[in-house]
Amino acid sequence: MLDIAVVMDPIDGIHPAKDSTFAMLLEAQRRGHGLHYVLPGGLSVDAGRGQARCAPLRVRDDPRDWYTLGDAGTRPLADIDVVLMRTDPPVDAAYLHDTHILSLAQAQGVLVVNDPQGLRDLNEKLAALLFPQCCPPTLVSRDRTQLRAFVNEHGMAVLKPLDGMGGRSIFRAQAGDPNLNVILETLIGAAPGRPGQLVMAQRYLPEIVHGDKRILLIDGQPVPYCLARIPREGEFRGNLAAGGHGEGRPLSERDQWIAGQVGPELARRGMLFVGLDVIGDWLTEVNVTSPTCIRELDKQFGINIAGMLFDAIERRCAQRAS
């Protein structure tokens, strides 16, 4: 049996029927592993050793009553076998500080999923650009002239911040759009004496009408099905949080090729559970913080993605033990 701690957003606010972290907890409990819920803000360091204020956790697949917590206490992270780091973005200072604490635990032999160094290094927008052969034309810049030129060159582009999630603050602009300056002002947010935020511009992919595909990788290997998140009418964002609906599909040959390009490098970096966003034939994002869509794919195809993940976690733990 493994002792497993989970760092996640408040468990009382999740939607159990759709929550991928909850699917992981159900699977871990089914296998007989011990669960510990790290209270929000509960990570700390004492004498150079990571600690967590956590409580024993039991879960149930019941939409009205899905968890029970025991009495909370503080314990060394080194006493835990596995930490699931599943907090949603933004990857802000508080998030980064938590990953530093988890790196201390990792140095003491704890398996952290995903690897805290990778969580710091792999911005979910920029990480896709490690694989330029898979990506559509993309520009990352603070320079409004550069960004306007990109939109004019490609006729239509999607503009987004580097730290967003769930489809928030994503804009579509076309050449000659009278709102383009306002969009850039909003995204860059420059103030006198400050350069402002970086903005990602990608060529608009009309294939979005057929869905923004979420491909899940487990220890570098793709789940054989993806969830195409199809925009609602009058919308170009496929995110489920933006009103899109999910339609499961087998991976295409191109999807499998992209997974083969990306998977080995992410597995090498200790990223055991990753979500790739693919529109048409092109990789647009690499999600490493808290990828979703487990429960939707399990339901549509009768599979057990969390089971695949825990097979990989248990293999990694056995390798460490040997």
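For the structure, see preceding data.
Report follows, based on the coordinates. Because the structure is predicted, anything quoted here is derived from the model rather than measured.

**Structural notes on the packing of helix H4 (residues 144-154) against helix H5 (residues 180-188)**
Where H4 contacts H5, the two axes come as close as 11 Å, and the packing angle between them is 130°. In terms of orientation, H4 and H5 fall into the oblique class. When the axes of H4 and H5 are compared, the crossing they make is right-handed. In this structure, H4 uses Arg144, Leu147, Arg148 and Val151 to contact H5, whose residues at the interface are Leu180, Asn181, Leu184, Glu185 and Ile188.

**Regarding the pattern of salt bridges**
Oppositely charged side chains can form a pair if their charged atoms are brought close together. One pass over the structure, following the stated rule, counts 18 salt bridges. Across the pair glutamate 27 and arginine 31 runs a salt bridge, and its minimum N-O distance is 2.6 Å. The exposure class assigned to arginine 31 is partly exposed, which follows from its relative accessible area of 24%. Taking the shortest distance from any N to any O, the salt bridge between aspartate 65 and arginine 60 comes out at 3.0 Å. The class for arginine 60 is partly exposed, based on a relative accessible area of 29%. Salt bridges sharing partners connect three or more residues here, namely Glu27, Arg30, Arg31, Asp311 and Glu314.

**Examining the packing of aromatic side chains**
Taken as a whole and judged by the stated rule, the model has 2 aromatic pairs. A centroid spacing of 6.2 Å and a plane angle of 50° characterise the contact between tryptophan 66 and tyrosine 67, whose relative ring orientation is tilted. By relative accessible area, tryptophan 66 is classed as buried at 13%. On the accessibility criterion, tyrosine 67 (24% relative accessible area) is partly exposed. Taking 3.9 Å as the distance between ring centres and 15° as the angle between the ring planes, the aromatic pair formed by tyrosine 225 and phenylalanine 301 counts as stacked.

**Points about H5**
Those residues of H5 that sit buried are Leu180, Ile183, Leu184, Leu187 and Ile188. Relative to the axis of H5, the buried residues are bounded by an arc of 115° and lie together on one face. Residues of H5 that are buried in the fold lie against H4, strand S9 (156-161), strand S10 (171-174) and strand S11 (199-203). At the C-terminal side of H5, glycine 189 shows a positive phi close to 60°.

**Points about the side chain of threonine 284**
The residue threonine 284 is located in strand S17 (residues 282-287) in this model. Threonine 284 sits in the buried class, given a relative accessible area of 4%. What threonine 284 contacts, discounting residues up to four positions off in sequence, is Lys125, Ala128, Lys160, Gln202, Leu205, Asp277, Val278 and Ile279.

**Describing the pairing of S17**
Two faces belong to every sheet, and in a regular strand the side chains alternate between them. Counting buried positions along S17 yields 5 of 6 residues, so the element is predominantly enclosed. Connecting strand S16 (residues 273-279) to the next strand, S17, in antiparallel fashion are 2 residues, including glycine 280 with a positive phi near 60°.

**Notes on the sheet that holds S11**
Here 4 strands make up an open sheet; going across it, the order is S8-S11-S9-S10 and the pairing antiparallel. Either end of the sheet is taken by a strand with one partner, and the two such strands are strand S8 (138-141) and S10. Taking each pair of neighbouring strands and ignoring which way they run, the sheet shows an average axis angle of 25°. Here S8 pairs with S11 via 4 bridges, running antiparallel. Across the sheet, leucine 139 pairs through a bridge with alanine 201, a residue of S11. Here H5 sits on the sheet and contacts S9, S10 and S11; the angle it forms with S9, its principal contact strand, is near 25°.

Scoring rules and cut-offs
Residues numbered from 1 in each chain as written. Predicted model: local features only at pLDDT ≥ 70, side-chain atom pairs only at ≥ 80, totals over all residues. Heavy atoms only, no water. Axes fitted to C-alpha atoms, helices over the stretch in contact; angles between N-to-C directions. Helix = DSSP H or I, 4+ residues; strand = E, 2+ residues; numbered from the N terminus. Parallel < 35°, antiparallel > 145°, perpendicular 65-115°, else oblique. Left-handed = near helix turned anticlockwise from the far one by under 90°. Contact = heavy atoms within 4.5 Å. Salt bridge = Lys/Arg side-chain N within 4 Å of Asp/Glu carboxyl O. Buried < 20%, exposed > 50% of the residue type's maximum accessible area, 1.4 Å probe, protein only. Phe/Tyr/Trp six-rings, centres within 6.5 Å; stacked < 30°, edge-to-face > 60°. Arc of directions from axis to C-beta. Pairing = 2+ DSSP bridges.

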